[in-house]
Amino acid sequence: MSKFEGVIVSDQWLQSQFTQVELRSLKSKFVTFKNQKGKVTFGDLASLMMKLKTFVDMYKEDEIKGILNESESDNDFTNDVDFEAFLRTYLNLRSQATTKQGGVKHSSSFLKETITTLLHTISGSEKAFYVAHINSFLGDDPFLSQYLPLDPATNDLFNLSKDGVLLCKLINVAVPGTIDERAINVKRNLTLWERNENHTLCLNSAKAIGCTVVNIGAQDLVEGRPHLVLGLISQIIKIQLLADLNLKKTPQLVELVDDSQDIEELLNLSPEKVLLKWMNFHLQRGGYQKTVKNFSSDLKDAEAYAYLLNVLAPEHCDPATLDTKDSYERANLVLEHAERMGCKRYLTPRDITEGTSNLNLAFVAQLFHHRSGLSTDTKKMSYAEMMTEDVQTCREERCFRMWINSLGISTRVNNLFEDVRNGWILLEVLDKIFPGSVNWKQATRPPIRMPFRKVENCNQVIKIGKQLKFSLVNVAGNDIVQGNKKLILALLWQLMRFTMLQLLRNLRSHSQGKEISDADILKWANRKVNSIGRNSQIHSFKDKSLSSGLFFLELLSAVEPRVVNWNLVTKGESDDEKKLNATYIISVARKLGCSIYLLPEDIMEVNQKMILTLAASIMYWSLQQQTEDADSFPSPASTLTNVTPEASPAPSVCGEDESYSSLNGDFSNLSVDDTTSDTTVSSQLEIDGVVLDELF
């Protein structure tokens, strides 16, 4: 296997925005400038950007300074800037430049295929941390215990990852219950088919918990490509470490704020921002004068850690820590302090002094879990505990949020109802599924200070929705700005359903070229089940018989006979049996190649929105195989290998007038409580050479 070397940044999303050619060029410019000046500050960025060919013909230096002042108003011009901050500024300016030119230029990093000729470096410290984490959390697993503990000095991690079992089980550690382990192929020697099944299950499940897997295919994991394996593992572990950093899981976090308005703001922060807020809360109590804004440069001298640990565990304090002049020695004393309070040493002093972002974040999260230092007796906790949502609304919010995050747009959604209120994310989604529909000259990028700019963005969203013949009677942009949850869910459902029908239509156009409706999906599912000699029939996507799960298991078996193990299927009579079947259905569908975001409860309670998307996803996969079979005659192993995100064809989302009129009939009676259906699934779509996640 080739050795992978290159420029690696700790933020996986940021890494995905550039090719290695771009990263090497930008790194060279950054290092050259830094060597000339001794360091790079925020005030130097405008001069540095003017040295790049990308912007030399687009901007004057004063224009760049103005953009930076507007987007980073809180930054001190004397603050040091690391390479990641430089890259983020570059992306911001590039986006502004393409908007200035009157169009949106997709990042060249969304490649159609994984580039195998690029070289990547592997961080030994990060690899060692991931190995230690896996040894700790999976050491007692009945199957993996024969292979663990892994040695970080070898390639054991990559070799063990090749069959997919380790990655699937790690996902279940991060978010318990995501994968029904009965669906994992577990034995010593797996066939290529079985390995592909495991990796397809892994990738679709990873997307369902919030991982970005745009540039990773099942074959990459089968080959055990180190940088891709570590990239996926790092995301899974990060999700696990940050899982409790929200008010629902840890209501004590309410102590970080002063009033109810601040609580609302806390709810909207990403887990990383909550962790920083928690850290700064204790640092302020400990007398630390600075504010920690990141997990890299702000922690390099280890002073913040010394103050934090003195607040959290003063009984283990070593007075020499703060008096030490050498950063490396101080970092070592900090880690010894952490060990005395029960935190395992997963990183080295050098990881701290070099500002390794991923490892520092993991260390701070570990400190939070061991000793948060937050009060368990506060009146504010009762307020936080009362801030609960309707269960079904929560499920739909989760489904839409995961779907949007899988699309590959530049903005990540942390709180759906709050994050879409400025309209920008909705415009990004529209541009992905309906290219060219957004007039970016009339859109305002966050942060948006003027309320009317948010309304303008949302008005454009509504305008495009009406062009697509969505049901938006008496809906205005201000309804989105005000955070009307019912209308936001209805709008997003129509976006997803539109794309879903277009994808199916695109596949069907190879043979019949007809529009696809909910009724067509229902008829197809019934016919498919009958084709294998089963008598099950459903009358709608709210048919109560669906709660047992048997119909969908029969449907999955009809499209691929080998995918369902009927020895594991229950009769679906009691709630426990229904849950077992529902959990198995979701994992089997993902194992087949369907990217879906519904939960077992959605099947048990027959949520017609989620039920439709499950049926449509299975139909899409089945039709996709028929299309591939018509073009060639692949073997079973190669067929499944192609059921990776890259396999999805591009739908004709621009549509013709007749397609609009057909869809309009379906949408005319749509509401959040639509009796026909609701919600989604996912795969990937290529538009203008850009690979992105799509419905199914």
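Here is what the cut-offs are and how they apply
- Numbering of residues begins from 1 in every chain and follows the order in which that chain's sequence is written.
- A pLDDT threshold of at least 70 governs which residues receive local features in this predicted model, and a stricter bar of 80 or more applies before side-chain atom pairs are shown or counted, although totals over entire chains, interfaces and linings include all residues.
- As a convention, hydrogens and water are excluded, and side-chain values are obtained from all of the structure's heavy atoms.
- Throughout this description, the term nonpolar core refers to a set of buried Ala, Val, Leu, Ile, Met, Phe, Trp, Tyr and Cys residues connected via side-chain atoms within 4.5 Å.
- Type-normalised accessible area, obtained with a 1.4 Å probe on protein chains alone, sets the label of each residue: buried when under 20%, exposed when over 50%, and partly exposed for intermediate values.
- Only DSSP runs of H or I reaching four residues or more are called helices, and only runs of E reaching two or more are called strands; each is numbered from the N terminus.
- The disulfide criterion used throughout: a pair of cysteine sulfur atoms within 2.5 Å.
- Convention adopted: a line fitted to C-alpha atoms gives each axis, helices being fitted over their contacting stretch, and angles between N-to-C directions are expressed from 0 to 180 degrees.
- Roughly parallel here means an angle under 35 degrees, roughly antiparallel means over 145, roughly perpendicular means 65 to 115, and every remaining angle is called oblique.
- Left-handed is the label given to a crossing in which the near helix is rotated counterclockwise from the far helix by less than a right angle, and right-handed is the label when the rotation is clockwise.
- Every residue pair with non-hydrogen atoms within 4.5 Å of one another is taken to be in contact.
- Lys, Arg, Asp and Glu make up the charged group, whereas Ala, Val, Leu, Ile, Met, Phe, Trp, Tyr, Cys and Pro make up the nonpolar group; the residues left over, Gly among them, are polar.
- Each Phe, Tyr or Trp ring, with Trp reduced to its six-membered ring, pairs with another whose centre is within 6.5 Å; inter-plane angles below 30 degrees give stacked pairs, above 60 give edge-to-face pairs, and intermediate values give tilted ones.
- Here, a charge over a ring is recorded when the distance from Lys NZ or Arg CZ to the ring centre is within 6 Å and its angle to the ring normal is within 35 degrees.
- What makes a salt bridge here is a side-chain nitrogen of Lys or Arg within 4 Å of a carboxyl oxygen of Asp or Glu, nothing more.

Got a minute to help me understand the nonpolar core in this structure?
The tendency in soluble globular proteins is for nonpolar side chains to be buried side by side. With 174 residues, the main nonpolar core has Leu232, Leu275, Trp278, Met279 and Ile521 as its most contacted residues. Broken down by element, this core gets its largest block of residues, 13 residues, from helix 26 (residues 485–508). The next biggest cluster of nonpolar side chains, apart from the first, holds 26 residues, and it includes Val40, Leu45, Met58 and Leu87.

Looking at this structure, how should I read the state of the cysteines?
Disulfide: a covalent bond formed between the sulfur atoms of two cysteine residues. Counted according to the given criterion, the structure contains 0 disulfides. Left without a disulfide partner, cysteine 202 is nearest to the cysteine sulfur of cysteine 168, which lies 5.1 Å away.

I'm lost on the packing of helix 7 (residues 124–138) against helix 12 (residues 226–241) in this one. Help?
Two quantities define a packed helix pair, namely the angle between the axes and the distance from one axis to the other. Their axes nearest at 11 Å, the elements helix 7 and helix 12 cross at an angle of 55°. The angle between the axes of helix 7 and helix 12 places the two elements in the oblique class. Relative to helix 12, the crossing made by helix 7 is left-handed. Each of Lys127, Phe129, Tyr130, His133, Ile134 and Phe137 in helix 7 lies in contact with helix 12, whose residues at this interface are Leu230, Ile233, Ser234, Ile237, Gln240 and Leu241. Classifying every residue of the contact of helix 7 with helix 12 by side-chain character gives 8 nonpolar, 3 polar and 1 charged.

How should the packing of aromatic side chains be read in this particular structure?
Ring pairs (aromatic) are described by centroid distance and by the angle formed between their planes. Counted under the stated rule, the structure contains 13 aromatic pairs. Measuring from centroid to centroid gives 5.5 Å for phenylalanine 129 and tyrosine 346, while their planes differ by 70°, and the two rings are edge-to-face. Of the two residues, phenylalanine 129 is situated in helix 7 and tyrosine 346 in the loop between helix 17 (327–340) and helix 18 (349–353); the sequence distance between them amounts to 217 residues. The same class applies to phenylalanine 129 as to tyrosine 346, namely buried. Relative to phenylalanine 363, the ring of tyrosine 305 lies with its centre 5.0 Å away and its plane at 75°, an arrangement referred to as edge-to-face. Here phenylalanine 363 lies in helix 19 (residues 357–370) and tyrosine 305 lies in helix 15 (residues 303–312), a separation of 58 residues in the sequence. On the basis of relative accessible area, tyrosine 305 is assigned to the buried category, the value being 0%. Through a chain of ring-to-ring contacts, three or more aromatic side chains come together here, namely Phe30, Phe83 and Phe86. The aromatic ring of phenylalanine 83 is capped on one face by lysine 27, whose charged end is 4.5 Å from the ring centroid. Across from the ring centre of tryptophan 566, 4.6 Å away, lies the NZ or CZ of arginine 534, which sits over that ring.

When you look at the pattern of salt bridges in this model, what are you seeing that I'm missing?
Taken as a whole, this structure holds 21 salt bridges when the rule is applied. Glutamate 315 serves as the salt-bridge partner of arginine 371, at 2.7 Å between the closest nitrogen and oxygen. Placement of the pair is arginine 371 in the loop between helix 19 and helix 20 (379–386) and glutamate 315 in the loop between helix 15 and helix 16 (320–323), with a sequence separation of 56 residues. Judged by relative accessible area, glutamate 315 falls into the partly exposed class, the value being 48%. Across the pair glutamate 554 and arginine 534 runs a salt bridge, and its minimum N-O distance is 3.8 Å.

Help me out: how do you make sense of the packing of helix 15 against helix 19 in this one?
Look at helix 15 against helix 19: their axes get within 12 Å of each other, and the N-to-C directions meet at 10°. When the interaxial angle is binned, helix 15 and helix 19 end up roughly parallel. The residues of helix 19 that touch helix 15, namely those facing Tyr305, Leu308 and Leu309, are Asn360, Phe363, Val364 and Leu367. Partitioning the contact of helix 15 with helix 19 into residue classes produces 6 nonpolar, 1 polar and no charged.

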